[in-house]
Amino acid sequence: MPVHTQSRAEIFDEVIVEHSGAILHYLYSRCNDWGIAEDLAQTFWAYVFRKFTIEAMQQKRLLYHKAKQVFIDYYRKHTQRRPNLTFTDELPEAVLMPEASEPSSYEADSELFERFWDLFHPDEYEEIARQIFWLHERYGYTMVQISERLGVSKSTAHDKLTRLKAECLERLELNSQTDEYDA
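The structure contained in this document is the topic of the report that follows. Per chain, residues are indexed from 1 in the order of the written sequence. Where local features are concerned, this predicted model is filtered to residues with pLDDT of at least 70; where side-chain atom pairs are given and counted, the filter is 80 or more; whole-chain, interface and lining totals use all residues. Side-chain measures were taken over the full set of non-hydrogen atoms in the model, leaving aside hydrogen atoms and water.

Here's the deal with the packing of aromatic side chains
This is how it is decided: When the centres of two rings from Phe, Tyr and Trp lie within 6.5 Å, Trp using its six-membered ring, the rings pair. Their planes under 30 degrees apart give stacked, over 60 give edge-to-face, and anything left gives tilted. Relative accessibility thresholds used throughout: buried, under 20% of the residue-type maximum; exposed, over 50%; partly exposed, between the two (1.4 Å probe, protein chains only).
Per the counting criterion, the structure on display carries 15 aromatic pairs. Measuring from centroid to centroid gives 6.3 Å for Tyr 139 and Tyr 141, while their planes differ by 55°, and the two rings are tilted. Residue classification places Tyr 139 among the partly exposed residues on the basis of a relative accessible area of 38%. A network of ring pairs unites the aromatic residues Phe 113, Phe 116, Trp 117, Tyr 125, Phe 133 and Trp 134 as a single cluster.

What to know about the nonpolar core
To be explicit about the condition: Buried residues of nine kinds, namely Ala, Val, Leu, Ile, Met, Phe, Trp, Tyr and Cys, make up a nonpolar core once their side-chain atoms join them within 4.5 Å. Comment: elements are numbered from the N terminus, with helices defined as DSSP H or I runs of at least four residues and strands as E runs of at least two. Residue contacts are counted whenever heavy atoms from the two residues lie within 4.5 Å of one another.
Of all hydrophobic cores here, the largest spans 21 residues; its most connected members are Ile 23, Leu 27, Phe 44, Trp 45, Val 48 and Leu 63. If you list the elements that add at least two residues to this core, you get helix 1 (8-31), helix 2 (34-51), helix 3 (54-57) and helix 4 (60-78). Setting aside its immediate chain neighbours within four residues, Leu 27 contacts Ala 37, Leu 40, Ala 41, Ala 67 and Phe 71. In terms of nonpolar packing, the next biggest core, distinct from the first, is built from 16 residues, Ile 132, Met 143, Leu 161 and Cys 168 among them.

Observations concerning the pattern of salt bridges
Our working definition: Here a salt bridge means any side-chain nitrogen of Lys or Arg lying within 4 Å of a carboxyl oxygen belonging to Asp or Glu.
According to the stated counting rule, one finds five salt bridges in the structure shown. Ionic pairing is found between Asp 109 and Arg 138, a salt bridge with its closest N-O pair at 3.8 Å. Remark: Arg 138 occurs in helix 6 (residues 127-139) and Asp 109 occurs in helix 5 (residues 106-118); sequence separation between them is 29 residues. The exposure class of Asp 109 is buried, given its relative accessible area of 15%. For Glu 127, the salt bridge goes to Arg 130, with nearest N and O atoms at 3.5 Å. Residue Glu 127 and its partner Arg 130 are located together in helix 6, separated by three residues, close to a single helical turn. In the salt-bridge network here, residues are joined through shared partners; they are Glu 114, Glu 127 and Arg 130.

Brief notes about the packing of helix 1 against helix 2
Stated formally: Between N-to-C directions, angles span 0 to 180 degrees; the directions come from axes that are lines fitted to C-alpha atoms, helices contributing only their stretch in contact. Handedness of a helix crossing follows the sense of rotation of the near helix relative to the far helix, less than a right angle counterclockwise being left-handed and clockwise being right-handed. Put simply, Ala, Val, Leu, Ile, Met, Phe, Trp, Tyr, Cys and Pro go in the nonpolar bin, Asp, Glu, Lys and Arg in the charged bin, and everything else, Gly too, in the polar bin.
One way to put it is that helix 1 packs onto helix 2 with a least axis distance of 9 Å and a crossing angle of 145°. In terms of crossing hand, the pair formed by helix 1 and helix 2 is right-handed. Contact residues: Arg 8, Phe 12, Val 15, Ile 16, His 19, Ser 20, Ile 23, Leu 24, His 25, Leu 27, Tyr 28 and Cys 31 in helix 1; Trp 34, Ile 36, Ala 37, Glu 38, Leu 40, Ala 41, Phe 44, Trp 45, Val 48, Phe 49, Arg 50 and Lys 51 in helix 2. When its residues are assigned to classes, the contact of helix 1 with helix 2 shows 17 nonpolar, three polar and four charged.

Right, here's the structure in full:
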């Protein structure tokens, strides 16, 4: 009884049936555009048919590697690598950053602390949470240093900081919305 060996075309058809959907989704995950992904898949399968050996066609790892190469080639060809540069005879004026004024005393620092928290009016926050925020964001203290300095556990300090940041962001968003309506 003669043994039927599959031809290259039959093996290619089996590989397409087994991997075409996954390769298409893989390419889509790279480019986020179905049309481009379909074009890349066609380019990919044409390359596999023309260049891959029968053994290479049956190796999933090589198929995905080639699909990634097809995407990278497309990306390199269709994206601008450097912006268009324009040259002028005169240099633009440098933008100067305003000088940061550090408080010179404990009283000045306390005043700065209160002015900062006035930005979140009318909300009132727990004093310990405000101090944790201030020490962490203004002075860069770690949670361990804050817990030692204020006498709270590290996890409590972290929880209070996280909760306060969320509340502050919410207040700033509300304040900016009311400013837009007032304008």
